[in-house]
Amino acid sequence: MIVKFENFEKNLIDFKTSKLFLFHGSNFGKVDDCARHTIDLNKEEHELEVINFYLDEIKKGQLSQIFHEKSAPNIFCSNTLLCFNLSNEKLSKELVSNISNINLDNILIIIK
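Residues numbered from 1 in each chain as written. Predicted model: local features only at pLDDT ≥ 70, side-chain atom pairs only at ≥ 80, totals over all residues. Heavy atoms only, no water.

Colleague: Go over the overall build of the protein, please, and point to the residues and values.
Modeller: The number of helices and strands found in the protein is 4 helices and 4 strands. Secondary structure elements of the protein, listed N to C terminal, follow the sequence α-β-α-β-α-β-α-β. For a compact globule of 112 residues, the expected C-alpha radius of gyration is about 13 Å, and the protein comes in at 14 Å, within 12% of that figure. Taken over the C-alpha atoms alone, the protein extends approximately 40 × 35 × 20 Å along its principal axes. Expressed as a percentage of contacts within the protein between residues at least 6 apart in sequence, the contacts between residues at least 24 apart total 76%. Looking at charge distribution, the protein has the averaged site of its 13 positive side-chain charges lying 5 Å from that of its 16 negative ones. (Helix = DSSP H or I, 4+ residues; strand = E, 2+ residues; numbered from the N terminus. Rg over C-alpha atoms; globule rule 2.2 N^0.38 Å. Contact = heavy atoms within 4.5 Å. Lys, Arg positive; Asp, Glu negative; His and termini not counted. Charge placed at Lys NZ, Arg CZ, Asp CG, Glu CD.)

Colleague: Just give me the short version of the pattern of salt bridges, but keep the residues and values in it.
Modeller: Evaluation of the coordinates by the stated rule reveals 3 salt bridges. Here Asp33 makes a salt bridge to Arg36, at a shortest N to O gap of 2.8 Å. Note that Asp33 and Arg36 are positioned in helix α2 (residues 28-45) at a spacing of 3 residues, about one turn of the helix. A relative accessible area of 25% places Asp33 in the partly exposed class. Note on Arg36: relative accessible area 41%, which makes it partly exposed. (Salt bridge = Lys/Arg side-chain N within 4 Å of Asp/Glu carboxyl O. Buried < 20%, exposed > 50% of the residue type's maximum accessible area, 1.4 Å probe, protein only.)

Colleague: Give a detailed account of the packing of aromatic side chains, specifying residues and quantitative values.
Modeller: Taken as a whole and assessed by the stated rule, the structure comprises 5 aromatic pairs. A ring pair is formed by Phe21 and Phe23, whose centres lie 5.7 Å apart and whose planes are at 20°; its orientation type is stacked. The residues Phe21 and Phe23 share a single accessibility class, namely buried. Ring geometry for Phe53 and Phe84: centres 5.2 Å apart, planes at 15°, overall stacked. You can see Phe53 sitting in strand β2 (residues 48-54) and its partner Phe84 sitting in strand β3 (residues 79-85), a full 31 residues away along the chain. By the ring-pair criterion, three or more aromatic residues cluster together here, those being Phe8, Phe15, Phe21 and Phe23. (Phe/Tyr/Trp six-rings, centres within 6.5 Å; stacked < 30°, edge-to-face > 60°.)

Colleague: Requested: an account of the sheet that holds strand β4 (residues 107-111), with residues and values cited.
Modeller: Judged by pairing direction, the sheet is parallel, and its 4 strands sit side by side in the order β1-β4-β3-β2 without closing on themselves. The outermost strands of the open sheet, each flanked by one partner alone, are β1 (20-22) and β2. In this sheet, adjacent strand axes meet at a mean angle of 15° when their direction is disregarded. The strands that helix α3 (residues 62-70) touches are β2, β3 and β4; relative to β3, the one it contacts most, it runs at about 160°. (Pairing = 2+ DSSP bridges. Axes fitted to C-alpha atoms, helices over the stretch in contact; angles between N-to-C directions.)

Colleague: Break down the layout of surface pockets for me, citing the residues and quoting the values.
Modeller: To find the voids left in a structure, one rolls a probe of water-molecule size over its atoms. Here the largest pocket defines a volume of roughly 570 Å³. If you go around the largest pocket, you meet 22 residues; those closest to its centre are Met1, Val3, Leu22, Phe23 and His24. At the level of elements, α1 (5-10), β1, α2 and α4 (89-99) are the ones that each hand at least two residues to the lining of the largest pocket. Among the residues making up the lining of the largest pocket, the classes are represented as 15 nonpolar, 5 polar and 2 charged. (1 Å grid on protein atoms, 1.4 Å probe; cavity = no way out; pocket = protein on both sides within 12 Å on 5 of 7 lines; lining within 4 Å. Points joined across faces, edges and corners; volume = space filled by probe spheres on them. Nonpolar A, V, L, I, M, F, W, Y, C, P; charged D, E, K, R; others polar.)

Next comes the structure, spelled out in structure tokens:
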């Protein structure tokens, strides 16, 4: 689903049950605002551990290990939000292919 920034901000509560978000555009401020609003909304509902990743810091093949480790509930029974900042095209393709293979029960993903 494609949603414009204004509609996303006005109807943020409608996206409360979503587990995967892709924010993109030439206005990086709006992209960051959408990610921040999503994190804040989910923190209101339950405990949330937020982990930021920059894809240029991740080696090839490491993404599947990250998803495997973080998709399991942590010791505090809080959900995990993984926020990926895209910069590397090869790893971006690996990210997309790995997302289809993970269980999103205890995890939220933001790609920006």
